[in-house]
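Now for the letters of each chain:
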Amino acid sequence: MAEVIGVRFKEVGKVYYFDPQGKEYETGKKVIVETAIGIECGEVALANKQVAEEEIVSPLKTVIRTATEKDLQTLEENREKEKDAFEICLKKIAEHKLDMKLVEAEYTFDRSKVLFYFTADGRVDFRELVKDLASVFKTRIELRQIGVRDESKMLGGLGVCGRPFCCSTFLGSFQPVTIKMAKEQGLSLSPVKISGTCGRLMCCLKYEQASYEHLLRHTPKVGAIVDTKEGRGTVVENNLLTGMLKIRLDKRPESAPLVVERHSVKLIKDAQIRVAKEELEALKGIE
């Protein structure tokens, strides 16, 4: 076991472990730490705690000190410098006629490096741009290509639900979301219905997936063969939340489906939920 504290560098960002070197740190406090890209200022998200060695990414960096008033002033100055850096970089991108969208500019705390985050459809040759920016800022320059989900997390906004993006308010990291989840939850596979503002599958599909998986284990799927009090039939529709099934009886195939509760039938052969190739093709690019 090792004692660590958790520090995040963005308001809703990933939490990284650091060695507190025997000192106590409260959540919400600003601290100066050593990172892989240099000296940074972050906020304590997790107070001192013991974690297993296998949970730590070696080497474990150390906390240098609690942030002073001067450090916080430096942080504010960096935020102002980032606005200027963003505008300068925008102009340089236009001058070099590069097909890229600048998302954010960020100074490291010690100003030893300026990072520019951008999105692009493919690879971008920005070597000349880096040289140009280095001559302006007189420091190390790093350009990082990010995905559309990361862009939404940085910029924020309102989702189709009318609430602020989950990724920019409380999601520390992105969870895998698949088209199969939407299929299992009985949602329309229209891209407009299941994709977020970023154009990818909505992160909230993940929230209730465990509940739907539990219900699917106890509910005959569409296409399943079951026995009812009125005879054998095939499930043509199910409602996972209410537990009601519509069954087309073998002896009355032309009649209206029988509506019964899931616990009143005996499962003979269950079906599988699969996403058809044509459905996958239609939804290509949003997963």
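Structure shown above.
Before going into details, it helps to say that this report is about the structure given with it. (Residues numbered from 1 in each chain as written. Predicted model: local features only at pLDDT ≥ 70, side-chain atom pairs only at ≥ 80, totals over all residues. Heavy atoms only, no water.)

Now for the overall build of the protein. For the protein, the helix and strand inventory stands at seven helices and 13 strands. Its C-alpha atoms give the protein a radius of gyration of 27 Å, more than 25% over the compact-globule value 19 Å for 287 residues. Expressed as a percentage of its 287 residues, the buried residues of the protein come to 36%. In the protein, the proportion of contacts linking residues at least 24 apart, taken out of those at least 6 apart, comes to 58%. With the model as given, the accessible surface of the protein reaches about 17,300 Å², and the carbon-plus-sulfur share is 51%. A gap of 4 Å separates the mean positions of the 47 positive and 45 negative side-chain charges of the protein. (Helix = DSSP H or I, 4+ residues; strand = E, 2+ residues; numbered from the N terminus. Rg over C-alpha atoms; globule rule 2.2 N^0.38 Å. Buried < 20%, exposed > 50% of the residue type's maximum accessible area, 1.4 Å probe, protein only. Contact = heavy atoms within 4.5 Å. Areas by Shrake-Rupley, 256 points an atom, 1.4 Å probe, with all protein chains shown as cover. Lys, Arg positive; Asp, Glu negative; His and termini not counted. Charge placed at Lys NZ, Arg CZ, Asp CG, Glu CD.)

Below, the discussion takes up the pairing of strand β3 (residues 30-35). Bridge count for β3 against strand β4 (residues 38-51) is six bridges, and the pairing is antiparallel. Its bridge partner being in β4, V33 is matched across the sheet by E40. Between β3 and β4, which pair antiparallel and follow one another directly, the connecting turn spans two residues. Where β3 lies against strand β5 (residues 63-66), three bridges are found, and the strand directions are antiparallel. (Pairing = 2+ DSSP bridges.)

Right, let's get into helix α1 (residues 69-96). Its 28 residues place the ends of α1 40 Å apart at the C-alpha level, agreeing with the 40 Å of an ideal helix rising 1.5 Å per residue. Considering only its buried residues, α1 is in contact with β3, β4, β5, β6 (101-107), β7 (113-119) and α2 (127-137). Downstream of α1 by one or two residues, K97 has phi in the positive range, about 55 degrees. (Expected span 1.5 Å × (residues − 1).)

In this section: the side chain of R262. Within the secondary structure, R262 sits in the loop between β12 (258-261) and β13 (266-269). There is no salt bridge for the buried R262, and the closest opposite charge comes from E261, which lies 4.5 Å off by N-O distance. At 2.9 Å, the side chain of R262 forms a polar contact with the side chain of T219. (Salt bridge = Lys/Arg side-chain N within 4 Å of Asp/Glu carboxyl O. Polar contact = N/O pair within 3.5 Å; in protein donor to acceptor, adjacent residues only side chain to side chain.)

So, on to the sheet that holds β4. Taken in spatial order, the five strands make up an open sheet running β2-β1-β4-β3-β5, and their pairing is antiparallel. The open sheet has two edge strands, β2 (16-18) and β5, and neither has a second partner. Adjacent strand axes in the sheet meet at a mean angle of 45 degrees when their direction is disregarded. Across the sheet, α1 lies against β3, β4 and β5, angled at about 70 degrees from β3, the strand it touches most. (Axes fitted to C-alpha atoms, helices over the stretch in contact; angles between N-to-C directions.)

Every buried residue of helix α3 (residues 148-155) is accounted for by R149, E151, S152 and K153. Close packing links the buried residues of α3 with β6 and β7. A positive phi of about 75 degrees marks G156, the residue just after α3.

Moving on: the environment of V4. Along the chain, the position of V4 falls in strand β1 (residues 2-8). Distance in space between the C-alpha atoms of V4 and Y16 is 9.5 Å, their sequence separation being twelve residues. Dropping the residues within four chain positions of it, V4 is found in contact with Y17, F18, P20, A47, N48, K49, V51, I56 and L60.

To continue, consider the pairing of β7. Most of β7 sits inside the fold, with seven of its seven residues counted as buried. Here β7 shows no split at all, with K113, L115, Y117 and T119 on one side and V114, F116 and F118 on the other all buried. Relative to β7, β6 runs antiparallel, the two sharing six bridges. When the sheet's bridge partners are listed, K101 is paired in β7 with T119. By the bridge criterion, six bridges tie β7 to strand β8 (residues 140-145) in an arrangement that is parallel.

A word on the side chain of T219. Position of T219 among the secondary structure elements: in the loop between α6 (209-218) and β9 (225-228). Polar side-chain contacts of T219 include one of 2.8 Å to the backbone oxygen of L215.

Once that is clear, we can look at the packing of aromatic side chains. This structure, assessed with the given rule, holds five aromatic pairs. Centroid distance F9 to Y16: 6.0 Å. Interplanar angle 45 degrees. Geometry classified as tilted. In this structure F9 comes out as partly exposed when scored by relative accessible area, which is 31%. Assessed through its relative accessible area of 40%, Y16 is described here as partly exposed. For the ring pair F118 and F126, a centre distance of 5.7 Å and an interplane angle of 80 degrees mean the geometry is edge-to-face. Using a relative accessible area of 1% as the deciding quantity, one classes F118 as buried. What links up through ring pairs into an aromatic cluster is the set F9, Y16 and F18. (Phe/Tyr/Trp six-rings, centres within 6.5 Å; stacked < 30°, edge-to-face > 60°.)

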